[in-house]
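Each chain, written out:
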Amino acid sequence: MKHTYMIEFELPEVMDEEFMALIPQQRYVINQMLAEGTIKSYSLSMDRSRLWVIMSAASEFEAMEIVSTFPLSDFMTPNLSELMFHNSADMLMQFSLN
């Protein structure tokens, strides 16, 4: 059974060249996981200090294993919370009037 988790990441105050160089790889991995449905949403605060990920995983351990595959994982401090539910407009059925 899959559970839903929100992971809040604290990002470094100074994003050095090594961090910046990994951003394209991070976006690629995230986009793959979004397409697969492992990640439900991915959001960055305007001040770039926090990042939020909603994901599905079988356990907290699996969620953290997934996080460890992020190219930027060594630069981010995760805080994981299991969610009771996660609703979004994307999850609602869309009907066509045609």
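Before reading further, recall that the structure is shown in the block above.
Note that the coordinates shown come from a computational prediction; the quantities given were computed from them, not determined experimentally.

### Description of the sheet that holds strand 1 (residues 3-10)
Reasoning step 1: The four strands are arranged 2-3-1-4 in an open sheet whose pairing can be described as antiparallel. Looking at strand neighbours, the two that pair on one side only are strand 2 (39-44) and strand 4 (77-83), the edges of this open sheet. Between one strand axis and the next, the sheet turns by 15 degrees as a mean value, whatever way the strands run.
Reasoning step 2: The strands that helix 2 (residues 60-68) touches are strand 1, strand 3 (50-57) and strand 4; relative to strand 3, the one it contacts most, it runs at about 130 degrees.

### Comments concerning the pairing of strand 2
Reasoning step 1: Note: strand 2 against strand 3, five bridges, orientation antiparallel. Considered in strand 3, the bridge of Ser41 is made with Ile54.
Reasoning step 2: From the end of strand 2 to the start of strand 3, which pair antiparallel, there are five residues, and Arg48 there has a positive phi angle of about 60 degrees.

Conventions used here
- Residues numbered from 1 in each chain as written.
- Predicted model: local features only at pLDDT ≥ 70, side-chain atom pairs only at ≥ 80, totals over all residues.
- Heavy atoms only, no water.
- Pairing = 2+ DSSP bridges.
- Helix = DSSP H or I, 4+ residues; strand = E, 2+ residues; numbered from the N terminus.
- Axes fitted to C-alpha atoms, helices over the stretch in contact; angles between N-to-C directions.
- Contact = heavy atoms within 4.5 Å.

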